[in-house]
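Summary of the model geometry
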Amino acid sequence: MAILLIPSYFGSISEYAALVQNEEVFFEFDDNFQKQTNRNRAFIYSPNGLQLLNVPVIHKKQLHQKTRDMRIEYAEDWRKQHFKSLEAAYRSSPYFEFYEDFFTDLYNKKYEFLTDLQFHTIDLVLKCLQVNKSYTKTTEFFKNPLQTNGRELANRKKDTHEFESYHQVFIEKHGFLNNLSILDLLFNEGRKAGEYLKRQTLNL
């Protein structure tokens, strides 16, 4: 099967389940940027519960901006803030130290365009998952794509998938938090994360 997905910044478990479960994966590369989506946001499990990590982007005055044209804002050191947040959330998780160097390298780089960061995170996660998966970037926008439409998986408000629970660092404090960033699953489950993604049920 083939699916169309939105590239995200360390996207949700549902996004990666769709990526892993489909033979052909197409990433939207010619859409208009939408605020408050996983395009530049990730949700992790912090000591205080749900925490949003946001990559600031430069908005221009024009009504619509293509996602591929969005540049990252560096007025504040968000890279340092994000890595510190990941450390606070997952330093005591079973697999954070195992993957730490990969993420140190990522946050030491400065990306001009949001899409460069998005696809670097996708490639990095696939490497950590030990999943050999190729994908295609679209060259034009189709309102009704030929592939299974997985666009709404990038919108946390519209994505209503419920997945089986797994151990989370602060689960005894706040309970199980569903469908967080793939980072939560990766740091808690390690190499078992790939099999977890394969057995989840998606309704698309």
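Notes on the structure follow.

What counts and how
Residues numbered from 1 in each chain as written. Predicted model: local features only at pLDDT ≥ 70, side-chain atom pairs only at ≥ 80, totals over all residues. Heavy atoms only, no water. 1 Å grid on protein atoms, 1.4 Å probe; cavity = no way out; pocket = protein on both sides within 12 Å on 5 of 7 lines; lining within 4 Å. Points joined across faces, edges and corners; volume = space filled by probe spheres on them. Nonpolar A, V, L, I, M, F, W, Y, C, P; charged D, E, K, R; others polar. Helix = DSSP H or I, 4+ residues; strand = E, 2+ residues; numbered from the N terminus. Buried < 20%, exposed > 50% of the residue type's maximum accessible area, 1.4 Å probe, protein only. Lys, Arg positive; Asp, Glu negative; His and termini not counted. Salt bridge = Lys/Arg side-chain N within 4 Å of Asp/Glu carboxyl O. Contact = heavy atoms within 4.5 Å. Pairing = 2+ DSSP bridges. Right-handed = clockwise from strand over helix to strand, strands pointing away.

Attention now moves to the layout of surface pockets. Considered as a void within the structure, the largest pocket measures approximately 260 Å³ in volume. Forming the boundary of the largest pocket are 14 residues, of which Ile6, Gln34, Arg39, Arg151 and Glu152 lie nearest the centre. For the lining of the largest pocket, the per-class residue count stands at 3 nonpolar, 5 polar and 6 charged.

What follows concerns the side chain of Arg41. Within the fold, Arg41 resides in strand 3 (residues 41–46). Salt bridges are absent for the buried Arg41, whose nearest opposite-charge side chain, Glu15, sits at 10 Å. With residues up to four places along the chain from it excluded, the contact list for Arg41 reads Tyr9, Gln36, Leu52, Leu53 and Asn54.

Moving on, we come to the pairing of strand 2 (residues 24–27). As defined by bridge partners, strand 1 (residues 2–5) adjoins strand 2 across 4 bridges and the pair is classed as parallel. Each bridged residue has a counterpart across the sheet, and for Leu5 the counterpart in strand 2 is Phe27. The handedness of the strand 1 to strand 2 crossover, carried by helix 1 (residues 13–21), is right-handed. As paired elements, strand 2 and strand 5 (residues 136–137) share 2 bridges and run parallel to each other. Along strand 5, the bridge assignment pairs Phe26 with Thr136.

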